[in-house]
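Summary of the model geometry
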Amino acid sequence: MESGMESEERRFGAAGRTMRRALGWTMAGGAVLAGVLVLLPDGEQQQHQQQPVAPAPGPKARARAAAAAGVPAAMPDLAELIGDRERRLRKHPEDGRSWAVLGTAYVERGRRTGVAADFPRAERALRYSLKVRPSRNAEAYDGLAALATARHDFPAARQWGEQAVRVAPERWTAYPLLIDAYDGVGDYRAARRTLDQLLALRSRSAVTAPAVTARAAQVYWDQGRREDAAAALSDAAAGAQGPAERATYLVLAGELAWQRGDLKESLRYGTAALHADPDEHAALAVRARALAALGRTEEAVRAYRSALAKARSPRYALELGELYESLGRQGEARAQYGVLRETVRADAKAGVNHDLFLGLFEADHGDPERAVRLLRGEWERQPSLRTADALGWALHRAGEDEEALVFATRATDRAHGGEVRSALYAYHRGEIEYALERPGPARRHLAEALRLNPYFSLLHAPVAREALGELGEPSDEGPAELGGQPGGPSEDASADASAETPAEAPAEAPA
């Protein structure tokens, strides 16, 4: 096993050197899945390449190689790179490229550890990079786009991503960030167009295939193309050249397996990701989610606690709290919800926007009226399908079911771009229709939620099953097949959606 790992590291180092020679870039930031790091400035890179015999790659070299491949670096390597750039900048404070390196590395460290305090120092470093190197500084634009994405500020991410593409259209690294930004503001046609541009760029250049393919897999999944997503992700994982990169793709595969209700496969992927990179807290969360749904609740509790010890994520706190709640351990659930609120407050001081997440939490576990206020503001800023679903659910929980259905329909109706196959979205719409005494549509959407993922929520999946039992069997309806294929909307459902969407439905997000 150790000899195989050593061989893999040699291949990884060679791939990084080859990529640097092929691309001639001084930095590869904005990598897919927020694995954003940066190469050394030109002078140091040339000095490294002029050495007649390349030494075995050390932590800093591995981090640079990961940057060149557009993938996350291992946490120890990332720490080494940050320390190296900090030391260099103490001697060369006007080195704009190194400031971009350092700022982008701070973004990645904050994302990987859940410590949002890294984000303000990242912003200072990146803006100083622009100050000392104001012309065509695509590296800093990439870093600022990554920072805005990490803060869930998608309008700003779109601005910086578009600027990066404008000044360096042949550099691929801004495109994945720009796709995330368009998705965050609800501009799905632009997201697809940008993916097409990225794939075209890959076909005519030395763009690293695994990172781009993994990003394409996420877009395919959002479009309901499950088989395409699984195939693309399998290709990306097969092409991974380092443990941290492999762990990233395995985590994604585990999340997709869970979303389709394949618990054992999800657990297997999460375990493999953790073996590849023990620092990958998302792998622990994948395992915890699958273990909880499999009824192995004490193992799930331990996995969630381990994930929270590595990254203070409000999502992990919420999921652990809901696990406790499902077990009747209300005091422990409240304690986790307190951790969630503290984390959200601390992140807000670092510029992170958790309004979407917090709105859904308040709708289910707190103050629905506050949830509506938060999510109306989010809809004004970032009118995505995620926001439409969350606002619809908050309105339902606040007793405004007619308006709630407007937004729930928007999140699930193909006519409005609602292609995402989400068990939670379908459940939310079904519950709203049930409250409005529309049994046919309610039955279809609740059944759809359980068909997409019978384990989509420890708290809501049992409610969906109970509601279906109360609704009873349809008189002469067949199985709800969506759009003639599993997971797509049926003609009846589309008709219901058209009939139920009032004229005053919110305008579509700009394309």
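In this report, we go over the structure that sits alongside the text. (Residues numbered from 1 in each chain as written. Predicted model: local features only at pLDDT ≥ 70, side-chain atom pairs only at ≥ 80, totals over all residues. Heavy atoms only, no water.)

Let's talk about the overall build of the protein
- What the protein contains, in helices and strands, is 26 helices and zero strands.
- Across the 511 residues of the protein, 56% fall into the buried class.
- When contacts within the protein are restricted to residue pairs at least 6 apart in sequence, those whose partners lie at least 24 apart make up 62%.
- Accessible surface computed for the protein: about 21100 Å², of which carbon and sulfur atoms make up 50%. (Helix = DSSP H or I, 4+ residues; strand = E, 2+ residues; numbered from the N terminus. Buried < 20%, exposed > 50% of the residue type's maximum accessible area, 1.4 Å probe, protein only. Contact = heavy atoms within 4.5 Å. Areas by Shrake-Rupley, 256 points an atom, 1.4 Å probe, with all protein chains shown as cover.)

Focus: the packing of helix H22 (residues 401-412) against helix H23 (residues 423-435)
- Here H22 crosses H23 at 150°, and the two axes come no closer than 9 Å. For the element pair H22 / H23, the angle class is roughly antiparallel. Like other packed secondary-structure pairs, H22 and H23 cross with a definite hand, here left-handed. Contacts between H22 and H23 involve Asp401, Ala404, Leu405, Ala408, Thr409, Ala411 and Thr412 on the former and, on the latter, Tyr425, Ala426, Arg429, Ile432, Glu433 and Ala435.
- Among the residues forming the contact of H22 with H23, the class breakdown is eight nonpolar, two polar and three charged. (Axes fitted to C-alpha atoms, helices over the stretch in contact; angles between N-to-C directions. Parallel < 35°, antiparallel > 145°, perpendicular 65-115°, else oblique. Left-handed = near helix turned anticlockwise from the far one by under 90°. Nonpolar A, V, L, I, M, F, W, Y, C, P; charged D, E, K, R; others polar.)

What about the environment of Tyr182?
- With respect to the helices, strands and loops of the structure, Tyr182 is situated in helix H9 (residues 174-185).
- According to the relative accessible area criterion, Tyr182 is buried, its value standing at 7%.
- When the C-alpha atoms of Tyr182 and Arg192 are compared, they prove to be 9.1 Å apart, with 10 residues separating the residues in sequence.
- Sequence-distant contacts of Tyr182, defined by excluding residues within four places in its chain, comprise Arg158, Glu162, Asp187, Ala190, Ala191 and Thr194.

Focus on the pattern of salt bridges
- Going through the model one piece at a time under the given rule, you end up with 29 salt bridges.
- The partner of Arg312 in a salt bridge is Glu342, with the nearest N and O atoms 3.3 Å apart. Residue Arg312 is located in the loop between helix H16 (297-310) and helix H17 (314-326), and its partner Glu342 is located in helix H18 (residues 330-349); the two are separated by 30 residues in the primary sequence.
- Taken together, the salt bridges that share partners define one network made up of Glu108, Arg111, Arg112 and Asp277. (Salt bridge = Lys/Arg side-chain N within 4 Å of Asp/Glu carboxyl O.)

Focus: unusual backbone geometry
- Its identity as a non-glycine residue notwithstanding, Arg136 has a phi of 55°, on the positive side.
- Within the secondary structure, Arg136 sits in the loop between helix H6 (118-132) and helix H7 (138-150).
- Residue classification places Arg136 among the exposed positions, given a relative accessible area of 53%.
- You will see that His152, though not glycine, has its phi angle at about 60°, which is positive.
- The exposure class of His152 is partly exposed, given its relative accessible area of 29%.

Some words on the environment of Leu308
- Here Leu308 is to be found in helix H16.
- With 23 residues separating them along the chain, Leu308 and Ala285 place their C-alpha atoms 8.8 Å apart.
- The contacts of Leu308, once residues within four sequence positions are left out, are Ser313, Tyr316, Ala317, Leu320 and Gln336.

Observations concerning the side chain of His354
- In this fold, His354 is placed in the loop between H18 and helix H19 (355-365).
- Exposure remark for His354: the relative accessible area of 9% places this residue in the buried category.

Things to note about the packing of aromatic side chains
- This model, assessed by the stated rule, comprises six aromatic pairs.
- Measuring from centroid to centroid gives 5.9 Å for Tyr141 and Trp160, while their planes differ by 20°, and the two rings are stacked. In this pair, Tyr141 is assigned in helix H7 and Trp160 in helix H8 (residues 154-167), connecting sequence segments 19 residues apart.
- For Tyr141, a relative accessible area of 7% puts it in the buried group.
- Ring centres of Tyr337 and Phe361 lie 5.4 Å apart, and the angle between their planes is 65°; on these two criteria the pair is classed as edge-to-face. With a gap of 24 residues between them, Tyr337 in helix H18 and Phe361 in helix H19 connect regions that are remote in the sequence. (Phe/Tyr/Trp six-rings, centres within 6.5 Å; stacked < 30°, edge-to-face > 60°.)

What about helix H20 (residues 368-381)?
- Compared with an ideal rise of 1.5 Å per residue, which puts 14 residues at 20 Å, H20 spans 20 Å between its outermost C-alpha atoms and is within 8% of the ideal.
- Every buried residue belonging to H20 is among Ala371, Val372, Leu374, Leu375, Glu378 and Trp379, and all of these are buried.
- On its buried side, H20 packs onto H19, helix H21 (385-397) and H22.
- The N-cap of H20, judged by a side-chain oxygen 3.0 Å from the amide nitrogen of Glu369 a few residues on, is Asp367. (Expected span 1.5 Å × (residues − 1). Polar contact = N/O pair within 3.5 Å; in protein donor to acceptor, adjacent residues only side chain to side chain.)

Treat this as a map of the structure, not an account of what it does.
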